[in-house]
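Structural features, examined
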Amino acid sequence: VAMRVVELSQERGLVMVDRDVAELSDGQVRLDVAYCGVCGSDLHMRHTMPPGAVFGHEFSGTVSEVGADVSGWSKGDAVAVLPYTSCGTCGYCRSGNENQCVTGGHHGLVLGVQLQGGYADSVVVNPDSLYALSGSATLQRGALAEPVAVAVRAASAVADVDRSEPILVVGAGPIGLFTALALRAANHNSVVILERNAARAEVAGSLGFETVVGDDPAVGLRKLGIDQPPAVIECAGAGPAMNTAISLLRRQGRLVLIGLPMNRPEIDIESVILKEITASGTAGYSRDDFTRAVQLLADDIIPADGLITAVMSLDAATTAFEELTDPMTSHVKILLQP
Ligand SMILES: [Zn+2]
Ligand SMILES: [Zn+2]
């Protein structure tokens, strides 16, 4: 039996090809992919993944085949997929930080063992990667569980900041917007988003967030009555944005870094030291974070649909990449539908 996948070509383009479906082992489950999100990291990995790789780590689907040894899942079940595997026995796994497991693999990313991603008609996964969708968690929303889980973990990094204090999110791309929504879900009452792209700032505004646009964010913040925020979550992944975050923070403030820079930016470490800023990184999500993300979608606490700006067919992957590579894009999250 053949299926369609979008794979990276020798020339680093995206091409749709037919492939034989993988053999299903007794302990695995096959899914028909329903929706797969296009992520900023996919755009970057186009230049780093080996040809033949299949992207897609943000996908939902319905169970189409269940291995003989698998219980608890049956054909037709609607699921979100946690796209990595973890050993379950190392210190990281045992402390609930499976995202740091050193022996795992990843669907659609070069992290450990590379597994086929969701830019495809179907994917074979481990049953412990499946999270049942229910309530308001439609298959479309299920494809957003992964970026929402990233945001849940980022928001938990400022869990001890007083709920009445302002928190600044830098960048209104998908991760910035989901992080702002996860902060709101965690009862942080004053979340402000800093964004230079007016179209994306507008999306942030439509979700009910105060936004600061323009060249002098300190002035913009003061207009909102905020002198210096005690915490900034940096989601843009660019050196200048990180330095802006450092300069805006109050002394002894908290800097959470989530946007991954593509080069090694020059960071104002001197200010980090002199202002006694605590900086921390956050990467991916644990199984608990993913469970929480699916729950937030099911309970309609995170209104994720507003972030889906297009649903395109799988063979339009190239178009989706072109749209999202444009720095002035008005797209937030594009889903591919096989
Ligand atoms: Zn992603
Ligand atoms: Zn482990």
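Predicted model only: the values in this text are computed from it and were never measured.

**Regarding the coordination of the zinc ion (ligand 2)**
- Coordination of the zinc ion (ligand 2) by the protein comes from Cys-87 (SG), Cys-90 (SG), Cys-93 (SG) and Cys-101 (SG), over a distance range of 2.3 to 2.4 Å.
- Written as a sequence motif, the donor residues of the zinc ion (ligand 2) are C-x2-C-x2-C-x7-C.

**What about the nonpolar core?**
- Counting 54 residues, the largest nonpolar core has Leu-177, Phe-178, Ile-233 and Phe-290 as its most contacted members.
- Every element with two or more residues in this core is listed here: β3 (29–37), α4 (145–156), β10 (167–170), α5 (174–185), β11 (191–194), α6 (198–206), β13 (231–234) and α10 (287–298).
- The element contributing the most residues to this core is α4, with eight residues.
- Leu-177 has contacts with Gly-171, Ala-172, Ile-193, Val-203, Ala-204, Leu-207, Leu-307 and Val-332, leaving out every residue within four places of it along the chain.
- Counting 38 residues, the second largest nonpolar core, distinct from the first, contains Leu-43, Ala-53, Val-63 and Leu-130.

**Quick look at the pattern of salt bridges**
- Taken as a whole and assessed by the stated rule, the structure comprises ten salt bridges.
- We note a salt bridge from Asp-121 to Arg-4, for which the minimum N-O separation is 2.9 Å. With Asp-121 in the loop between β7 (113–115) and β8 (122–125) and Arg-4 in strand β1 (residues 2–8), this residue pair connects regions lying 117 residues apart in the sequence.
- Between Glu-58 and Lys-333 there is a salt bridge, with the nearest N and O atoms lying 2.8 Å from each other. Here Glu-58, found in the loop between α1 (40–45) and β4 (59–66), pairs with Lys-333, found in strand β17 (residues 333–337); they are 275 residues apart in sequence, far enough to count as distant.
- Residue Glu-58 is classed as buried on the basis of its relative accessible area of 2%.
- The network of salt bridges with common partners includes Arg-141, Asp-300 and Asp-305.

**Description of the pairing of strand β14 (residues 254–257)**
- Relative to β14, β13 runs parallel, the two sharing four bridges. Paired with Glu-234 across the strands is Leu-257, a residue of β14.
- Between β13 and its parallel partner β14, the chain crosses via helix α8 (residues 239–248), and the hand of that crossover is right-handed.
- Taken together, the four bridges between β14 and strand β15 (residues 278–281) define a ladder with parallel strand orientation. Bridged to Val-256 within β15 is Ser-280.
- Between β14 and its parallel partner β15, the chain crosses via helix α9 (residues 269–274), and the hand of that crossover is right-handed.

Rules and cut-offs
- Residues numbered from 1 in each chain as written.
- Chains lettered and ligands numbered in written order.
- Predicted model: local features only at pLDDT ≥ 70, side-chain atom pairs only at ≥ 80, totals over all residues.
- Heavy atoms only, no water.
- Donors = N, O, S within 2.8 Å, 3.2 Å for Na, K, Ca; no water.
- Core = buried A, V, L, I, M, F, W, Y, C linked by side-chain atoms within 4.5 Å.
- Buried < 20%, exposed > 50% of the residue type's maximum accessible area, 1.4 Å probe, protein only.
- Helix = DSSP H or I, 4+ residues; strand = E, 2+ residues; numbered from the N terminus.
- Contact = heavy atoms within 4.5 Å.
- Salt bridge = Lys/Arg side-chain N within 4 Å of Asp/Glu carboxyl O.
- Pairing = 2+ DSSP bridges.
- Right-handed = clockwise from strand over helix to strand, strands pointing away.

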